[in-house]
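# Observations on the model geometry
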Amino acid sequence: MILLRLFWEFFKTGLFAVGGGMATLPFLYDMAAKTGWFTAANLADMIAVSESTPGPIGVNMATYVGFHTAGIPGAVVATLGLITPEVIIILLIARVLQQFRQNKTVDAAFYGLRPCSVGLIAAAGLLVVKVAMFHVDAWRESGVFTDLFNWKALALAAVLIVLTRFVKPLKKLHPILFILGSAVVGVVFAF
């Protein structure tokens, strides 16, 4: 039964997460709250792993959540659930797009999807910042303002901003090197 639920939850995510992999994050936060399969902290780890592995982040996240929830069968089912609506939609669109591409209504619909994509991606980015940079639960429990911040993450972000924006030789380095360096720092300092 859990495999059917995994497929259904990721099918809905794949159907409505317009804008790429980061647009799946609001759906994953909702899924965490509804199902209890993983926590927001687990999701932060999943994002880190999914961002640092090859492939689309949405597919990586589905695979990770599926594996975390139901092992290898869960990984396969969640991934298939995420990509199934996309494959169906692409096949349907490819079949009829040439006929309707010059249609003003179709053109307006595609134009209207752009802000939706931006909104979903922005929401995902804000959720990632909230999980990575702040300890809201610790702050609520203690009431101490300094407990709100994840000081190690803020320091790492500040160092990365300085290195990528102001140190000219490092500006030209490939982003994967910064991802790998951040992973090493995360392991060494036990993020």
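Preceding this paragraph is the structure being described.
In this report, we go over the structure that sits alongside the text. Everything numeric here is computed off the predicted structure, so don't read it as measured data.

### A short note on the overall build of the protein
- Scanning the protein from terminus to terminus reveals nine helices and zero strands.
- Scanning the protein from its N terminus toward the C terminus, one meets helices and strands in the order α-α-α-α-α-α-α-α-α.
- Judged by the C-alpha coordinates and their principal axes, the protein covers about 55 × 45 × 30 Å.
- For the protein, with 191 residues in total, the buried portion stands at 26%.

### Looking at the environment of phenylalanine 149
- With respect to the helices and strands, phenylalanine 149 occurs in the loop between α6 (136-142) and α7 (151-166).
- For the pair phenylalanine 149 and alanine 40, spaced 109 residues apart in the sequence, the C-alpha separation amounts to 16 Å.
- Non-local contacts of phenylalanine 149, meaning those with residues more than four positions away in its chain, are made with Met133, Phe134, His135 and Leu154.

### Quick word on the side chain of asparagine 150
- Mapped onto the elements, asparagine 150 comes out in the loop between α6 and α7.
- Here asparagine 150 falls in the buried class, since its relative accessible area comes to 12%.
- Setting aside residues no more than four positions away along its own chain, asparagine 150 makes contact with Ala132, Met133, Phe134 and His135.

### Notes on helix α1 (residues 2-16)
- Taking 1.5 Å of rise per residue, 15 residues should cover 21 Å, and α1 covers 21 Å from first to last C-alpha, within 8% of that figure.
- The elements touched by buried residues of α1 are α2 (25-35) and α4 (57-100).

### Quick notes on the packing of aromatic side chains
- Taken as a whole and judged by the stated rule, the model has five aromatic pairs.
- The interplanar angle of 15° and the centroid separation of 6.1 Å between the aromatic rings of tryptophan 8 and phenylalanine 11 together place this pair among those described as stacked. One end of the pair is tryptophan 8 and the other is phenylalanine 11, both in helix α1 and three residues apart, which spans about a single turn.
- Taken together, Phe134, Phe145, Phe149 and Trp151 form an aromatic cluster joined through their ring pairs.

### Points about the pattern of salt bridges
- Scanning the model with the defined rule gives five salt bridges in all.
- Lysine 12 serves as the salt-bridge partner of glutamate 9, at 3.6 Å between the closest nitrogen and oxygen. Residue glutamate 9 and its partner lysine 12 are located together in helix α1, separated by three residues, close to a single helical turn.
- The partner of lysine 34 in a salt bridge is aspartate 30, with the nearest N and O atoms 3.8 Å apart.

Cut-offs used in this document
- Residues numbered from 1 in each chain as written.
- Predicted model: local features only at pLDDT ≥ 70, side-chain atom pairs only at ≥ 80, totals over all residues.
- Heavy atoms only, no water.
- Helix = DSSP H or I, 4+ residues; strand = E, 2+ residues; numbered from the N terminus.
- Buried < 20%, exposed > 50% of the residue type's maximum accessible area, 1.4 Å probe, protein only.
- Contact = heavy atoms within 4.5 Å.
- Expected span 1.5 Å × (residues − 1).
- Phe/Tyr/Trp six-rings, centres within 6.5 Å; stacked < 30°, edge-to-face > 60°.
- Salt bridge = Lys/Arg side-chain N within 4 Å of Asp/Glu carboxyl O.

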